[in-house]
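# Descriptive analysis of the structure
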Amino acid sequence: MSELAFLVGLVVVIALVFDFTNGFHDAANAIATSVATRALTPAVALGMAAVMNFIGALMGTAVAETIGSGIVHIGDLPPLKGLNLVLGALMGAIVWNLITWWKGLPSSSSHALIGALAGAGLASSTQVHWGVILDKVVIPMVLSPAVGFFLAYILMKIVLMLLRNATYRSTMHRFRYAQTVSAAAMALGHGLQDAQKTMGVMVLAMAAGGYHDLGSGIPLWVKLSAAGAISAGTAMGGFKIMKTLGSGIIDLDPARGFVAESIAASVLYTTAFVWAAPISTTHTVTCAIMGVGATKRKSAVRWGIAGNIVTAWVLTLPAAAAVAGVTTWLLHLVI
């Protein structure tokens, strides 16, 4: 095996490691509300989320193509330089994922990866497609959480109005069953969005090494391996972040959990299929939880914790870019 082929293989393996960390980092996105309301046990919720993540990962490629060819331009780079860029980006994203997981903060793996690609591109003096980042990342980064918050708030108000004369205990019991469906839909959307980002990085690495044409689509083995890695990570669970999302922001009941999950899943599907935008599942579901919480009263949302989460969101793009830039620069010195 040539050194170039070995390096391509190494980068692909590290991409799958990132995919795995994405799974356990973001597992809480799909199941935290269902676990917090006791609609599902943690073990059942994690198993269901892992299966739905796998299925969702195979449902499309538009987001993968945005990551694979839309963030940085590697077409004219020498193979080693292109692979250094991808490897540096992956290391930056993985480091930020681990830091925020350790702190129990539900930050965005998607934005960590995109920021890392941009940082590695700058460190490599490679063209970064800032227009695509603005259109596909920054604008959706602002809009999707806002849409998630307001739609969840409005739908929850409607649900409360419709059920104002219903018996609380029996109504919440029915919503626990409904949450099984909404949690599955959320996990499906998570796989649809997040596994595709790893697929994009894998084909980017293979294209950098001359083993793939970016215009020829995503190979089946790439789809299956990325789907398997994120599902395995999800099955491992992310209980620190699950606690923050499930009970740290508000005290959820099954009705609010169902509405938050349903709205977040709808936003994920819309952006993946219509916009091909790699949005953050974390941002979307967190803001949907805040939206349903705000229907209780303003003080029902623990805004201090929410502020810490938003701070992590703001820091994700530049922090991952900085780590990736330094890593890429060091790799240029070594390789």
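Residues numbered from 1 in each chain as written. Predicted model: local features only at pLDDT ≥ 70, side-chain atom pairs only at ≥ 80, totals over all residues. Heavy atoms only, no water.

Under the annotation held in an unreviewed UniProt entry, the protein carries the name Inorganic phosphate transporter and is attributed to Actinotignum urinale. Within the UniProt record for the protein, the comment given under Subcellular location (unreviewed entry) is "Membrane". (UniProt positions renumbered as here; feature names shortened; annotations may be inferred.)

Turning our attention to the packing of helix α5 (residues 109–123) against helix α7 (residues 168–208). Remark: α5 packs on α7, axes separated minimally by 10 Å, with the N-to-C direction vectors making an angle of 25°. When the axis of α5 is compared with that of α7, the two are roughly parallel. Crossing of α5 over α7 shows left-handed handedness. Residue-level contacts link Ser 110, Leu 113 and Leu 117 of α5 to Asp 194, Lys 197, Val 201 and Leu 204 of α7. Looking at the contact of α5 with α7 residue by residue, the class counts come to four nonpolar, one polar and two charged. (Axes fitted to C-alpha atoms, helices over the stretch in contact; angles between N-to-C directions. Helix = DSSP H or I, 4+ residues; strand = E, 2+ residues; numbered from the N terminus. Parallel < 35°, antiparallel > 145°, perpendicular 65-115°, else oblique. Left-handed = near helix turned anticlockwise from the far one by under 90°. Contact = heavy atoms within 4.5 Å. Nonpolar A, V, L, I, M, F, W, Y, C, P; charged D, E, K, R; others polar.)

Bringing the nonpolar core into the picture now. Grouped together as the largest cluster of nonpolar side chains are 52 residues, with contacts concentrated most on Ile 74, Leu 85, Val 86, Leu 90, Leu 117 and Met 199. If you tally residues by element for this core, the top one is α7, at 10 residues. Among residues more than four places away in sequence, those in contact with Leu 90 are Val 11, Ile 14, Ala 15, Phe 18, Leu 113 and Val 201. (Core = buried A, V, L, I, M, F, W, Y, C linked by side-chain atoms within 4.5 Å. Buried < 20%, exposed > 50% of the residue type's maximum accessible area, 1.4 Å probe, protein only.)

A few words on the UniProt feature "transmembrane region" (unreviewed entry) in the protein. As recorded in UniProt, the sites labelled "transmembrane region" (unreviewed entry) are residues 42–63, 83–102, 137–163 and 305–331. Helix makes up 82% of residues 42–63 and strand makes up 0%, while its end C-alpha atoms are separated by 29 Å.

Now for the packing of aromatic side chains. Tallying each qualifying case throughout the model produces two aromatic pairs. For the pair Phe 149 and Phe 150, a centre-to-centre distance of 5.3 Å together with 80° between the ring planes defines the contact as edge-to-face. Judged by its relative accessible area of 52%, Phe 150 falls in the exposed class. On the numbers, 5.7 Å between centres and 50° between planes, the contact of Phe 175 with Phe 258 is tilted. Here the residue Phe 175 occupies a position in helix α7, and Phe 258 occupies one in helix α10 (residues 254–275), the gap between them amounting to 83 residues. (Phe/Tyr/Trp six-rings, centres within 6.5 Å; stacked < 30°, edge-to-face > 60°.)

Turning our attention to the layout of surface pockets. Within this model, the largest pocket holds a volume of roughly 160 Å³. Along the walls of the largest pocket sit 13 residues, with Leu 160, Leu 163, Tyr 168, Met 172 and Ala 255 positioned nearest its centre. Secondary structure elements with two or more residues in the lining of the largest pocket: α6 (130–162), α7 and α10. Here the lining of the largest pocket is built from residues that sort into eight nonpolar, two polar and three charged. (1 Å grid on protein atoms, 1.4 Å probe; cavity = no way out; pocket = protein on both sides within 12 Å on 5 of 7 lines; lining within 4 Å. Points joined across faces, edges and corners; volume = space filled by probe spheres on them.)

Our next topic: unusual backbone geometry. Phi at Ser 125 is positive, roughly 55°, even though this residue is not glycine. When you line up the elements, Ser 125 lands in the loop between α5 and α6. Since its relative accessible area comes to 67%, Ser 125 is described here as exposed.

All right, on to the side chain of Thr 234 then. Here Thr 234 is to be found in helix α8 (residues 220–236). At 2.7 Å, the side chain of Thr 234 forms a polar contact with the side chain of Asn 53. Within the structure, the side chain of Thr 234 is placed 2.9 Å from the backbone oxygen of Ile 230, a separation counted as a polar contact. (Polar contact = N/O pair within 3.5 Å; in protein donor to acceptor, adjacent residues only side chain to side chain.)

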